[in-house]
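Notes for the structure review
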Number of protein chains: 2
Amino acid sequence: MNEFDLIEKYFNWQTNNPDFLGIGDDCALISIPEQHKLATSVDTLIEGVHFPSNTSAADVAHKALAVNLSDLAAMGATPLYFTLALTLPNIDESWLEGFSSSLKTLSEKYNLFLLGGDTTKGHLSITINVTGTLPINQALLRSGANVDDIIFVSSTLGDAALAWQKIQRDKTPGAKILKKFNTPEPQVLLGKKLLGVANSCIDISDGLEQDLSHILNRSKLGARIDISDIPLSDEVLMYVENTKDWCLPLAGGDDYELCFTVPKDNIDQLELITKELDIKLTKIGVITKNQDLEIVGLNKTCTSYQHF
Amino acid sequence: MNEFDLIEKYFNWQTNNPDFLGIGDDCALISIPEQHKLATSVDTLIEGVHFPSNTSAADVAHKALAVNLSDLAAMGATPLYFTLALTLPNIDESWLEGFSSSLKTLSEKYNLFLLGGDTTKGHLSITINVTGTLPINQALLRSGANVDDIIFVSSTLGDAALAWQKIQRDKTPGAKILKKFNTPEPQVLLGKKLLGVANSCIDISDGLEQDLSHILNRSKLGARIDISDIPLSDEVLMYVENTKDWCLPLAGGDDYELCFTVPKDNIDQLELITKELDIKLTKIGVITKNQDLEIVGLNKTCTSYQHF
């Protein structure tokens, strides 16, 4: 099977859409809605670094696209299209079948078009560049936090990190935290709803402590959060109670939840969003004037995820 | 050095531009000129597959961006921005220095912004996704060729393939063909000028025979070209005379020149472009009604570049 057959068979599922020219020319062409700007983000997942070697093709595809969609979510952007650079050790049709089918499912869920890509031979690696749109004068930036904003996070933290730790130690993670590790659900709908409601937002991919610090640095402000407010699943709660290792939920990374700050006046709107999306949002602290991140209840420094 | 320091030191050279929000948030934000659509393309280069292991960091950066710009050129698009997914075996500051500096030089030449990226640890690999703009009703497509269009190619063919062959056989390629292999110059200016002049266009990355066939398939037409018309550099001409191996310039790949078809009525305009850009364009054949590619003077079948 050559590259062209491979693309035709597994990656050319787009129906004809007059706004796009997809796979099959030197470039893909895309029309952008008027009065909108683009938001774009790229992430690479490498076998053995970002996912274990025995991860199913379907989970690899889901995670590769989800971590990118999570970046769009953090800006409040609406997904539009993505490109895929896929490096494969060999042509394994059953692997490609699972990968392609899962990628299609997640992209259709968010009305996202696969517009082009490149396939190369080498160690298994997936680079996705996802692009979305935003109304021309709106975006959730890291730099927008104000003093006295309330800090929220979505869902629970530390699930993926605990699953990964258990896998590395040859233990079996529970189904719920394994699902968060293998097939995280990007908070795209939440991000869109937060436009005009939240002052700042980031996705928690490197761990809450590091990612909240990015908001604080960009906004030139500080924050006080309390570890007893951090939302935890039962399995992570049990782990933390046994080990006192608060660094796992605070700095474990791979959460793909949103951390955002909301002015007091908008809390009512946020409650409506919570109900409408049927989503768990937890208040974990407040933005302060001094430029430190104070974590009440934590008496050590955590080591955040390092890319090198 | 962590990922953030690395990005700040080597990849955050953008000056402030009100149309962009670059590195430093979850996504980059981009404003698109009105009445324009986007053209986007992605290519991955892997050490040992697409470039030899001893290639300089500067040449790797140039080639990784140039092969992507070549795809924009083939659509007639104006470069706007790119994202970079860089996988490195380790942090080698002198390598990063050379890579970053060369990438900056080529991107500034075409007014192209580096808007974001990802750095990961692994076998050296570079994925660039480049995006450009096109007036809303214009593009050079593979599907636009008409019967009796004249077929042209830019510059000379086979130089990169001969350089690569010599490197693999421990011979030293001449400086000119080595330059075409290591630092190809994308035909961005030519592509833009061909809008409204050429009926169809493709970049010759997989070899003329295969890439011209893509135009023919998409346009549902044929072509007759003559090997004696293929433009060759002195070194490739000598090689072909010695070996009779016409498959090297016809199917060697890695040329990054443009192959395009022009209706007879536009030949005068093309001559003006040739003078204005001071560029070598060679007529190699004509588009025909029957759906075959006839190569006069070639009495064998060439094996084109296969990605797997």
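Residues numbered from 1 in each chain as written. Chains lettered and ligands numbered in written order. Predicted model: local features only at pLDDT ≥ 70, side-chain atom pairs only at ≥ 80, totals over all residues.

1. Things to note about the domain arrangement of chain A
Residue and element names in this part refer to chain A. Filter applied, for reference: These domain boundaries are the output of an automatic or database domain assignment. Two residues qualify as a contact pair if the distance between their C-beta atoms, derived from the backbone, is within 7 Å. The helix and strand labels rest on DSSP assignments: H or I over at least four residues marks a helix, E over at least two residues marks a strand, and numbering proceeds from the N terminus.
The domains assigned to chain A are domain 1 (3-135) and domain 2 (142-296). Taking the mean C-alpha position of each, domain 1 and domain 2 sit 26 Å from one another. If you look at the interface, domain 1 gives 18 residues, while domain 2 gives 19 residues. For the side of domain 1 that touches domain 2, the secondary-structure elements that each account for two or more residues are α2 (57-75) and β4 (78-88).

2. Overview of the confidence of the model for chain A
It should be kept in mind that the predicted coordinates are not to be read in detail where pLDDT is low. Put simply, the rule reads: Note on scores: pLDDT gives the predictor's confidence for each residue, bounded by 0 and 100.
Averaged over every residue, the pLDDT of chain A is 93; residues scoring 70 or more account for 96%. Interface predicted TM-score (ipTM) for the complex: 0.85; the corresponding pTM is 0.89.

3. Points about the interface of chain A and chain B
Size of an interface, as often reported, equals the accessible area lost when the parts are brought together. Where we set the bar: Side-chain classes follow a simple rule in which Ala, Val, Leu, Ile, Met, Phe, Trp, Tyr, Cys and Pro form the nonpolar group, Asp, Glu, Lys and Arg form the charged group, and the remainder, Gly included, forms the polar group. For two strands to pair, DSSP has to find at least two bridges joining them.
Chain A puts 50 residues into the contact, and the matching count from chain B is 50 residues. Put simply, the parts of the chain that give the side of chain A that touches chain B at least two residues each are β2 (28-30), β3 (36-46), α2, β4, β5 (113-121), β6 (125-135) and β8 (200-204) of chain A. Broken down by element, the side of chain A that touches chain B gets its largest block of residues, nine residues, from β3(A). Looking at the side of chain A that touches chain B, its residues break down into 22 nonpolar, 18 polar and ten charged. In this sheet, strand β2 (residues 28-30) of chain B lies alongside β3(A) in antiparallel orientation, the contact comprising three bridges. Bridge pairing links A:T40 to B:A28 in β2(B).

4. Quick look at the sheet that holds strand β9 (residues 222-226) of chain A
Residue and element names in this part refer to chain A. Definition in use: Note on geometry: axes are C-alpha line fits, over the in-contact stretch for helices, and angles between N-to-C directions span 0 to 180 degrees.
Taken in spatial order, the six strands line up as β8-β10-β7-β11-β9-β12 in an open sheet, and their pairing is mixed. The sheet is open, and its two borders are formed by β8 and β12 (293-296), each paired with just one other strand. Going from strand to strand, the sheet's axes swing by 25° on average, the running direction of each strand aside. As defined by bridge partners, β9 adjoins β12 across four bridges and the pair is classed as parallel. Within the sheet, the bridge partner assigned to D226 lies in β12 and is V296. α2 rests against β8 and β10 (257-262) of the sheet, and its axis sits at about 165° to β8.

5. Quick notes on the relation of the copies chain A and chain B
To be explicit about the condition: When the copies are overlaid, the least-squares fit takes in C-alpha atoms only where the residue has pLDDT of at least 70 in both copies.
Note on the identical chains: chain A maps onto chain B by a rotation of 180° and an axial translation of 0.0 Å, with an RMSD of 0.0 Å. The two molecules are tied by a two-fold rotation axis, judged by turn and shift.

6. A few points about unusual backbone geometry
Residues and elements named next belong to chain B. So the rule is basically this: To sort residues by burial, count the other C-beta atoms lying within 10 Å of each one's C-beta; a count of 20 or more means buried, 12 or fewer means exposed, and anything in between means partly exposed. C-beta atoms are built from the backbone.
At N111, a position not held by glycine, the phi torsion is positive, near 55°. Inspection of the secondary structure assignment puts N111 in the loop between α3 (93-109) and β5 (113-121). Using a count of 10 C-beta atoms within 10 Å as the deciding quantity, one classes N111 as exposed.

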